Amino acid sequence: KQGGRDVGEYPGRGVLLHDGDIYVDVDRGGSLPFCLTPTNIAITNNIVYNNSATDDMHLLKENGSDIRGITCDYNCVFRSNGSIAMWWGYDSRRNWAGGRYTSMTAWKSATPFSDFCIQTNPQFAVGAGSNFALKQTSPAVNRGRRLTEVAVDYSGVARPRGTSHDMGAYEY
């Protein structure tokens, strides 16, 4: 779910997936997002928390030459067991060639993404489950990218309240 909405399959052109909290998305196996022919895709300011699916983020490039304008940055990914799963690769036309990375450090060095992503507990104010508001001490506070397209958070609070947007659906 992203801010209470399902994250699903996108046509992959001009998509901005931003400022959400992803928590055990059973509808798509938890992958964020599954894009076909990705062009001008921005995955920014999200929190992926304790995902039980195979991959926390699964970015698919159809043939490699059709990838244009894709960014994936300023996201927080966390699993309580310590090992995340990020996948970047090709589709069946290239035998699903790609790689699964189990740390943000490995993902950053192997892909053109995520210079400002973090792998840490986002510290939700009331724990995980249904309330994704951040604690004051959360490492996601003021760590997001400023997005002029996003003037308010999921509950209507103006963004940003600090020096930058917070990662996730709610501004502290």
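Each value, and the rule that gives it
- Residues numbered from 1 in each chain as written.
- Predicted model: local features only at pLDDT ≥ 70, side-chain atom pairs only at ≥ 80, totals over all residues.
- Heavy atoms only, no water.
- Helix = DSSP H or I, 4+ residues; strand = E, 2+ residues; numbered from the N terminus.
- Core = buried A, V, L, I, M, F, W, Y, C linked by side-chain atoms within 4.5 Å.
- Buried < 20%, exposed > 50% of the residue type's maximum accessible area, 1.4 Å probe, protein only.
- Contact = heavy atoms within 4.5 Å.
- Phe/Tyr/Trp six-rings, centres within 6.5 Å; stacked < 30°, edge-to-face > 60°.

**Student:** If you had to explain unusual backbone geometry to someone new, which residues and values would you point to?
**Tutor:** Geometrically, the link from Arg 159 to Pro 160 is a cis peptide bond, its omega value of -15 degrees lying close to zero. Relative to the helices and strands, Pro 160 is located in the segment after helix H1 (104–110). A positive phi angle, near 60 degrees, is found at Gln 123, a position not held by glycine. Mapping Gln 123 onto the fold places it in the segment after H1. Phi at Asn 142 takes a positive value of approximately 60 degrees, unusual for a residue other than glycine. Considering the arrangement of structural elements, one finds Asn 142 in the segment after H1.

**Student:** If you had to explain the nonpolar core to someone new, which residues and values would you point to?
**Tutor:** Counting residues in hydrophobic clusters, the biggest one holds 16 residues, and the most contacted among them are Leu 59, Val 77, Met 86, Met 104, Trp 107 and Phe 113. Elements supplying a minimum of two residues to this core: strand S5 (39–44), strand S7 (57–61), strand S8 (68–73), strand S10 (86–90) and H1. Once residues within four sequence positions are removed from consideration, Phe 113 is found in contact with Leu 59, Ile 70, Thr 71, Cys 72, Trp 88, Trp 107 and Lys 108. Within the second largest apolar cluster, 12 residues are counted, among which are Tyr 74, Cys 76, Ile 118 and Val 141.

**Student:** How would you explain the packing of aromatic side chains if you had to name every residue and give the values?
**Tutor:** On inspection of all chains with the given rule, the structure shows 6 aromatic pairs. Measuring from ring centre to ring centre gives 4.9 Å for Tyr 74 and Phe 116, while their planes differ by 15 degrees; the resulting arrangement is stacked. Separated by 42 residues along the polypeptide, Tyr 74 in the loop between S8 and strand S9 (76–78) and Phe 116 in the segment after H1 bring together distant segments of the chain. Among the aromatic residues, those joined into a ring-pair cluster are Tyr 49, Phe 78, Phe 124 and Phe 132.

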